[in-house]
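Listed below are the residues making up each chain.
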Amino acid sequence: VQGTGGSSAVSKCSAAARGYIQDRFLRLLAGRQRRRAPLIHRGYYIRARAVDHCVQDFLLKTQSLARTQILSLGAGFDSLYFRLKDMGLLHHTVVYEVDFPNVACQKATLIKGMKELSALVQDTGREGLGAITFSGEDYKLLGVDLSELSELERTLEEAGLNNEIPTLFIAEVVLTYMENTRSDALIQWAAEHFPQACFLVYEQVHPEDPFGHVMQQHFRQLNTALHSLAQYPDCEAQQRRFLGKGWTECSVMDMNEFFTCCIPEDEQQRMQTLEPFDEYEEWHLKCSHYFVLAASKGMEPSWTPLLPSVTVPRHAGPVWMAGSVPAAVCARLSGVPGLRRYGHCSVLIKPNVILTTGGFGEEHGQHCRMRNFHVLSKRAGYWEGACVTQNIPDERWDERLYHTVTCLSDTLALVVGGRTSPSSAGLGMLWLKFPENCNASGPDDVAVELVSLQPAAEAAALRWRHSTTEMTFKGEQYLFVYGGRSALEPVLGDWYFLHIPELSYTVIAVEGPVPESRHSHSACSWEGGVLIAGGLGAAEQPLGSVFLLRELEHGFRWQTIETHPPLVPRYSHTAHVHEGKLLLVGGVWFLASSVPGITVIDLMTGLCLDYVINVEHLEWPLMLHNHSSIFLRNEKELLVIGGGGNCFSFGTHLNPEPVSLGLSSILISH
């Protein structure tokens, strides 16, 4: 547990070095410096913003009072005191920090040995008295185990903590490392002994969904189990905990809500453009698994969310589920290499033959962008898998992610767009050629040839997280390339009609309200037109709209499909159409109470029904984002291939094998 403070300081320091947070003291306290990934920077940014939001709120509400105090529990190598002092915000506030004795001693030594730090804090020379490792006029550093409450109380009293003045308690990923009986006792002690107080908590939540499982496993491996989660698994349980332990007011929100409601839009945009970034799913999942809580008693509630300029509809409570869909591992496919990947594309190139290309995954025990193509073929009722031979004379597969593949004939598929790194330009188009009779003897005999393209339509392809859909206009075949993002534009709302087979640009009139720009949406062919659903919009907010691009005599018209109840906004899902019903599979949404399963939208009536996926027969967490899915109409079965992602600092989760979802019970024709 003591090690978590050092690693957290290094991450905060890296975020500060990239401009996410303004803090010149972190590098002095962190010791070692390492550059972390953009996803980690965002995670520590939101953590710092949440803590600062509450601290500034407390200082503002108590600025007219003669004396106040802040007690930071498990403070580690945090720089809070030095930042506040440097900003001139501690005229009448004393900061007390508590951590394990050896952590407090290390920090005291650091402060004394560094002029920039020691100059800010006047050393009164009272340290060395028992657990007080450093004592200044307005800063006390105490070495005590927080779980020893009587010892903590005695040391705080000795250091001069005053029960009668307004006090802010801060516990930033601290209480969860303590046994619940001890952390509960600490929360209750603070409420009972301090008539005017606020208590700020930032820590993990939602242990039982797939991301939660990966998160818990990570902390168990570090030997720092998260004790709070079993008893207090969600924000409501944490709120009840504080209200039941003597606090009179308590507000709590997860970090997706905090980001949307408490960070001004211009600051959101500033943060979003600091580094090339393309891990939206993991960012939003991380944010739904952390919360910030502010409890108070005897003083104004310490929580004032900034009202956003656009209020985000908050889905109250859990989604009502109309039923469940069984998930099963495909027989004979366990251990088949090559399908542990995400950001890839799978396409049916023949009946019962599925080609999977690209993405990021596992090859030869290493995590990398995937070079190998993979084929699944069904024979005698069973799927078999194999890596594909690539006949590539001078062209090498460029290891792309977030591309599309559209099968245009028995021997030809078109790859559009994709990327290698999020800072590089999108990639162009490729033809994939395969033999006509490739189903005869199983997956091993499928050979794929790559042919590079420099068509006029190259601009349409320089994007990723877009959609490419087959459609017809006046009896002619077209591909409709829509949305996505590029290295320069975080979200695109344009579209291209490409005439098949020569892929020439064609201008076709489109009328009606233009859908807002989006990427990571779904697109399906339906009745000659295209159905677009969900996606991630311009402010990195999930969208819940469904549009139909409908053929008219002289062109097309965008038409909104109203759903009721309204579709929960989501992105990174897949979609299929079956007998007038749109099926949405998985994805990421901001509802922390559940993960998206299968949503069925009746395109005639707009009725929208959600179904949970029953995973009791799977031995591993099923992550349904960045996956691909193939709908097998005759069997009324969905084959989910790959999926998962880099789960913040908790490790990469890749769904280990394809999963079959049986849809026959929910697709009964009415």
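Residues numbered from 1 in each chain as written. Predicted model: local features only at pLDDT ≥ 70, side-chain atom pairs only at ≥ 80, totals over all residues. Heavy atoms only, no water.

1. Thoughts on the overall build of the protein chain
The following threshold applies: In this description a helix means any DSSP run of H or I spanning at least four residues, a strand means any run of E spanning at least two, and both kinds are numbered starting from the N terminus. The size measure is the radius of gyration over C-alpha atoms, and the globule rule it meets is 2.2 Å times the number of residues to the 0.38 power. Burial classes: relative accessible area under 20% of the type maximum marks a residue as buried, over 50% as exposed, and values in between as partly exposed (1.4 Å probe, protein chains only). Any pair of residues with heavy atoms lying within 4.5 Å of one another is described as a contacting pair. Residue-level accessible areas treat just the shown protein chains as cover; the underlying method is Shrake-Rupley with a 1.4 Å probe. Just so you know, the count uses Lys and Arg for positive and Asp and Glu for negative, and it drops His and the chain ends. Charge positions come from single atoms, namely NZ of Lys, CZ of Arg, CG of Asp or CD of Glu.
Looking only at helices and strands, the protein chain features 15 helices and 39 strands. A compact globule built from 670 residues should have a C-alpha radius of gyration of about 26 Å, and the protein chain, at 28 Å, falls within 12% of that. Viewed in the frame of its principal axes, the protein chain has a C-alpha envelope of about 85 × 50 × 45 Å. Within the protein chain, the fraction of its 670 residues that count as buried is 59%. Pairs at least 24 residues apart make up 66% of the contacts formed inside the protein chain by residues separated by at least 6 positions. Summed over its atoms, the accessible surface of the protein chain is roughly 26,200 Å², and 51% of this surface lies on carbon and sulfur atoms. Counting 53 positive and 73 negative side-chain charges, the protein chain places the centres of these two groups 4 Å from one another.

2. Points about empty space enclosed by the protein
Counted only if it meets this: With a 1 Å grid spanning the protein atoms alone, the term cavity applies to any set of points in which a 1.4 Å probe fits but cannot get out, the term pocket to an open set with protein on both sides within 12 Å along at least five of seven lines, and the term lining residue to any residue with an atom within 4 Å of a point. Grid points are joined across faces, edges and corners, and a volume is the space filled by probe spheres set on the points. Segmentation into domains, and thus their bounds, comes from an automatic or database assignment.
Counted according to the given criterion, the structure contains one cavity of 30 Å³ or more. For the largest cavity, the calculated volume is near 50 Å³. Contributing to the lining of the largest cavity are Asn256, Phe259, Thr260, Trp283, His284, Cys287, Ala539, Glu540, Gln541 and Phe590. For the lining of the largest cavity, the secondary structure elements donating two or more residues are α12 (255-262) and α14 (280-288). Each of two domains, domain 1 (52-297) and domain 2 (321-662), supplies a minimum of three residues to the lining of the largest cavity.

3. Topic: the layout of surface pockets
Approximately 1,200 Å³ is the volume attributed to the second largest pocket. As for the second largest pocket, its lining consists of 38 residues, and the residues nearest its centre are Cys345, Ser346, Ala523, Ala575 and Ser629. Those elements that place two or more of their residues in the lining of the second largest pocket are β11 (345-350), β18 (404-407), β22 (467-473), β27 (522-526), β31 (574-578) and β35 (628-632).

4. Quick look at the sheet that holds strand β10 (residues 341-342)
Quick reminder of the rule: At least two bridges found by DSSP between two strands is the condition for calling them paired.
Pairing in this open sheet of three strands is antiparallel, and the strands run β10-β13-β14 from one edge to the other. With one partner strand each, in any of the chains shown, β10 and β14 (366-369) form the two edges of the open sheet. Bridging between strand β13 (residues 360-363) and β14 involves four bridges; their strand directions are antiparallel. When the bridges of β14 are listed, Glu362 appears paired with His367.

5. Quick word on the pattern of salt bridges
The condition is simple: By convention in these notes, a salt bridge is any Lys or Arg side-chain nitrogen within 4 Å of a carboxyl oxygen on Asp or Glu.
In the structure shown here, the tally under the stated rule is 31 salt bridges. Notably, a salt bridge pairs Glu172 with Lys12, separated by 2.8 Å at the nearest N-O pair. Placement of the pair is Glu172 in strand β5 (residues 167-172) and Lys12 in helix α1 (residues 2-17), with a sequence separation of 160 residues. Across the pair, Lys12 and Glu172 agree in class, each one buried.

6. Description of the sheet that holds strand β15 (residues 374-379)
Filter applied, for reference: Axis lines are fitted through C-alpha atoms, for helices just across the contact stretch, and the angle between N-to-C directions can take any value from 0 to 180 degrees.
Taken in spatial order, the four strands of this open sheet run β11-β12-β15-β16, and their pairing is antiparallel. Where the open sheet ends on each side, the last strands, each with one partner, are β11 and β16 (382-387). The average undirected angle you get between the axes of adjacent strands in this sheet is 25°. Examined bridge by bridge, β15 and β16 share six bridges and lie antiparallel to one another.

7. Examining the packing of helix α3 (residues 38-61) against α14
Quick reminder of the rule: Angular relationships are summarised with four words: roughly parallel below 35 degrees, roughly antiparallel beyond 145, roughly perpendicular across 65 to 115, and oblique for the angles in between. Handedness of a helix crossing follows the sense of rotation of the near helix relative to the far helix, less than a right angle counterclockwise being left-handed and clockwise being right-handed. Residues are grouped as follows: Ala, Val, Leu, Ile, Met, Phe, Trp, Tyr, Cys and Pro are nonpolar; Asp, Glu, Lys and Arg are charged; every other residue, Gly included, is polar.
Orientation of α3 relative to α14, taken along the N-to-C sense of each, is 30°, at an axis distance of 10 Å. Between α3 and α14, the crossing angle belongs to the class labelled roughly parallel. For the pair α3 and α14, the sense of crossing is right-handed. Between α3 and α14, the residues in contact are Leu39, Arg42, Gly43 and Ile46 and Glu282, Trp283 and Lys286, respectively. When its residues are assigned to classes, the contact of α3 with α14 shows three nonpolar, one polar and three charged.

8. Focus on the domain arrangement of the protein chain
This is how it is decided: Once two parts are joined, some of their accessible surface, as seen by a 1.4 Å probe, is lost; buried area is that loss totalled over both.
Structurally, the protein chain comprises domain 1 (52-297) and domain 2 (321-662). Using only C-alpha atoms to locate each centre, domain 1 and domain 2 end up separated by 43 Å. Contacts between the two partners involve 26 residues from domain 1 and, on the opposite side, 35 residues from domain 2. Here domain 1 packs against domain 2, burying approximately 2,600 Å² in sum over the two surfaces, 60% of which is carbon and sulfur.

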